[in-house]
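What the coordinates show
Here is how the chains run, residue by residue.
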Amino acid sequence: MEPPEDTLRRLREAFRAGRTRPAEFRAAQLEGLGRFLRDNKQLLQDALAQDLRKSAFEAELSEISISQGEVKLALRNLRAWMKDEKVPKNLATQLDSAFIRKEPFGLVLIIAPWNYPLNLTLVPLVGALAAGNCVVLKPSEISKHMEKVLAELLPRYLDQSCFAVVLGGPQETGQLLENKFDYIFFTGSPRVGKIVMAAAAKHLTPVTLELGGKNPCYVHDDCNPQTVANRVAWFRYFNAGQTCVAPDYVLCSPEMQERLLPALQDAITRFYGDDPRCSPDFGRIISEKHFQRLQGLLGCGRVAVGGQSDARERYIAPTVLVDVQETELVMQEEIFGPILPIVNVRSLDEAIDFINQREKPLALYAFSNSSQVVKRVLAGTSSGGFCGNDGFMHLSVNSLPFGGVGASGMGRYHGKFSFDTFSHHRACLLRPLGLEKIYALRYPPYSPRNLRLLLTAMDVRSCSCTLL
Ligand code: NAD
C-alpha cells in the first residue's frame, strides 16, 4: 500500500494541475459515485447488516437512498452552483463587475464515524467532489465490513489521481492529521473533534466538525401519548439508538410520564414483537466496548421498559428508564444506544431552563398540539436543528442545512450547503483601467468635499441613484 505522504503528494499535484476543476470532470466523479451505489447495493446492505445488523429497510432509508439523492441533486445543480454569483454594488463600483467565485479549497480530508458508515462518508464526499476538490477519505475502522467495501470498491469508480481511501484507527489518523490539508470535514465525537481541530490549527486549516451530544425531547401535557410514543420510539430505537440526532431523553411532567410508559411499551411491542431480540428490524451494538458502556447505563434510575441484554450478540433491548437523577451517567453523556431516560419537569419554562443549562444540542424536539408551545421551545432554546412533533425528519429536507452549534459542532452540509462548505467563496471585483479622473477623488490632497462624495458613492444603498 502507498504511504499516506506519497498519496497526499500525488493528489496535491493533480489538484495543482487543475484536473478537478472542469464541470465535466466533477460530473463524471459524481456519476461514478452513483454507479458505485447502484452496482454494489447488495454488498453495501450486507456490510451494514454485518457491522450493525442494520435491516435492509433502514439501510435503504438512511444510507443508500440518501446518498443517491445527494448525488442526483448535485448532478442536477452542478453548473448552477458553480456559476459566479453576482452581488449588489454601490455607486462607486457601478461600472465594475462584482461577484463571488466558488473555488475548490484543494486537498480535502473527510473523516467518518461508524454509525451510518455509508451515508456519513459519501454525503460529504458528494459536496467535496462537486466543489472540485481532491479528496482523502478516512472511513471508520470500527464498521470494518463497510470500511472494506469502501476501500476496495469505491476507488474503482473514481479518478484515483484525485481521490484516495486511507485506512486506520486513532493512531494512523493522528499521523495523517500531521499533514497539511486545505479543508478537514470531521464527523464523530466531541472528544476526537477537539483533537482534529487542534491538529488543523497547526496548519490554519478550516474545519467542519459534525459532533454529537444529548438531544432533548420535550413532551407537553396536551399530546396524545400514543402518537408521541410511536414517533419517539421509532427515532430512538432506529439503528439500535446509534444515531447522533436521536432523541436522547424525554422531558415531561410526571402525569405525562404515566401516560407515556404504557404507550412506549405498546409501540415497542408492535414494532419489534414480544422479544425484540428476535426481530429482524432491530439492530445490534457496534462493538464490545460500546456494549459494555451501554450496559453500565442500564444501571441508572429504574428500568420501566426493556432492560435485557445479551453480550454474545451485543444486544440491548429497547429500554425506557425513569427516576433518573441528573447527576447519573445516563444524563451526563450522549447515550448512543437503545435507552431512553424520562426526566420530569413541572412546566414548559422548567423544561426550557433544563435545556439551556446544558451544552447546545445537535437536535431538539418538542411535541405539543399547540403550535404556540412548540414555537416557545424553538424561540427559547438553541440547537443545530429542530423538529416540532417528530424525530429527525428535518434531515430529510436537503434544502435545510445540517450541522451543530456550540459543543455539537460547527459548519453545515447537505444539498447546496455541502457544495458551499467545500468551496472557498472568493470575493472578486473587476474594474476598468479608465475613468481615472473620477477615481482621483480618493487621492490626496484630501478634502472634506471629496470625502462626502466618496462616502455617498460607497454606500451600497446608493446604487439605485438616479444620476446613473
Ligand atoms: P469517534 O470520534 O470515536 O471517531 C470518528 C472518526 O475519528 C473515526 O474515523 C476514527 O477512526 C477517528 N478517530 C478516533 N480517535 C481518533 C484520534 N484519537 N485521533 C484522530 N482520529 C481519531 O466517533 P465514533 O465513535 O465513530 O462516532 C460516534 C460519535 O459521532 C458520537 O458522538 C456521535 O454523536 C457522533 N456523530 C455525529 C454525527 C453528526 O452528523 N453530527 C453523525 C454521526 C455520529
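Residue numbering note: each chain is counted from 1, following its sequence as written. The predicted nature of this model means local features are confined to residues of pLDDT at least 70 and side-chain atom pairs, given and counted, to a pLDDT of 80 or more, with totals for whole chains, interfaces and linings taken over all residues. In computing side-chain properties, one takes all heavy atoms of the structure into account and sets aside hydrogens as well as water.

1. Some remarks on the site of the ligand
- We call a residue near a molecule or strand whenever a single non-hydrogen atom of that residue lies within 4 Å of it. Within the structure, the ligand sits among 27 residues, and Ala112, Glu141, Ser189, Leu211 and Glu334 are positioned closest to it.
- Side-chain polar atom of Glu334 to an oxygen atom of the ligand: 2.5 Å apart, as the coordinates give it.
- Where the shell around the ligand is concerned, the elements lending two or more residues are α7 (170–176), β6 (183–187) and α8 (190–202).
- A run of H or I in DSSP counts as a helix once it spans at least four residues, and a run of E counts as a strand once it spans at least two, with each numbered from the N terminus. Among the elements that line the shell around the ligand, the one with the most residues is α8, at 3 residues.
- Taken together, the residues that form the shell around the ligand break down as 16 nonpolar, 7 polar and 4 charged. Counting of polar contacts relies on pairs of N or O atoms within 3.5 Å, with two restrictions inside protein: one atom must be capable of donating a hydrogen and the other of accepting it, and residues adjacent in sequence are counted only when both atoms are side-chain atoms. Each residue receives one of three labels: charged for Asp, Glu, Lys and Arg, nonpolar for Ala, Val, Leu, Ile, Met, Phe, Trp, Tyr, Cys and Pro, and polar for the others, Gly being one of them.

2. Let's talk about the packing of helix α3 (residues 41–52) against helix α4 (residues 56–82)
- In contact at an axis separation of 10 Å, α3 and α4 are set at 110° when each is read in the N-to-C sense. In terms of orientation, α3 and α4 fall into the roughly perpendicular class. Here α3 contributes Lys41, Leu44, Gln45 and Leu48 to the contact with α4, which in turn contributes Ala56, Ala59, Glu60, Glu63 and Ile64.
- Classifying every residue of the contact of α3 with α4 by side-chain character gives 5 nonpolar, 1 polar and 3 charged. To define axes, lines are fitted to C-alpha atoms, for helices over the stretch in contact only, and angles between the resulting N-to-C directions are given on a 0 to 180 degree scale. In these notes the angle categories are as follows: under 35 degrees is roughly parallel, over 145 is roughly antiparallel, 65 to 115 is roughly perpendicular, and the rest is oblique. By definition, residues are in contact when any of their heavy atoms lie within 4.5 Å.

3. Description of the sheet that holds strand β2 (residues 97–104)
- A pair of strands is labelled paired if DSSP reports no fewer than 2 bridges between them. Spatially, 3 strands are ordered β1-β2-β18 in an open sheet, and the strand pairing comes out antiparallel. Taken across any chain shown, the strands that pair with only one partner, and hence form the sheet edges, are β1 (85–86) and β18 (423–430).

4. A few points about unusual backbone geometry
- That bond from Pro444 to Pro445 is cis: its omega, 0°, falls within 30 degrees of zero.
- Topologically, Pro445 is positioned in the loop between α15 (436–439) and α16 (448–458).
- Of note in the backbone geometry, Leu204 takes a positive phi value of approximately 55° without being a glycine.
- Considering the arrangement of structural elements, one finds Leu204 in the loop between α8 and β7 (207–210).

5. Here's the deal with the confidence of the model for the chain
- Every residue is assigned a pLDDT by the predictor, reflecting its confidence on a scale from 0 to 100. When pLDDT is averaged across the chain, the result is 96; 98% of the residues are at 70 or more.
- Confidence over residues 464–468 falls short of pLDDT 50; this stretch has 3 contacts with residues more than four positions distant or in other chains.

6. Comments concerning helix α6 (residues 144–157)
- In this model, α6 (14 residues) spans 20 Å end to end at C-alpha, consistent with the 20 Å of a helix rising 1.5 Å per residue.
- A residue's bend is the angle separating two fitted axes: one through the seven residues that end there, the other through the seven that start there. At Leu150, α6 shows its maximal kink, close to 30°.
- By the burial criterion, the buried members of α6 are Met146, Glu147, Val149, Leu150, Leu153, Leu154, Pro155 and Tyr157.
- On its buried face, α6 sits against α2 (23–39), α3, α5 (119–130), β4 (134–138) and β5 (163–165). What a helix is expected to span follows from its residue count: subtract one and scale by 1.5 Å. Any residue under 20% of the maximum accessible area for its type is buried, any over 50% is exposed, and the rest in between are partly exposed; the area is computed with a 1.4 Å probe on protein chains only.

7. A few points about the environment of Glu60
- Assignment of secondary structure puts Glu60 in helix α4.
- Taking the C-alpha atoms as reference, Glu60 lies 9.0 Å from Lys41; in sequence the two are 19 residues apart.
- Those residues within four positions of Glu60 in sequence are excluded, and the remaining contacts are Lys41, Gln45, Ser65, Ile66 and Gln68.

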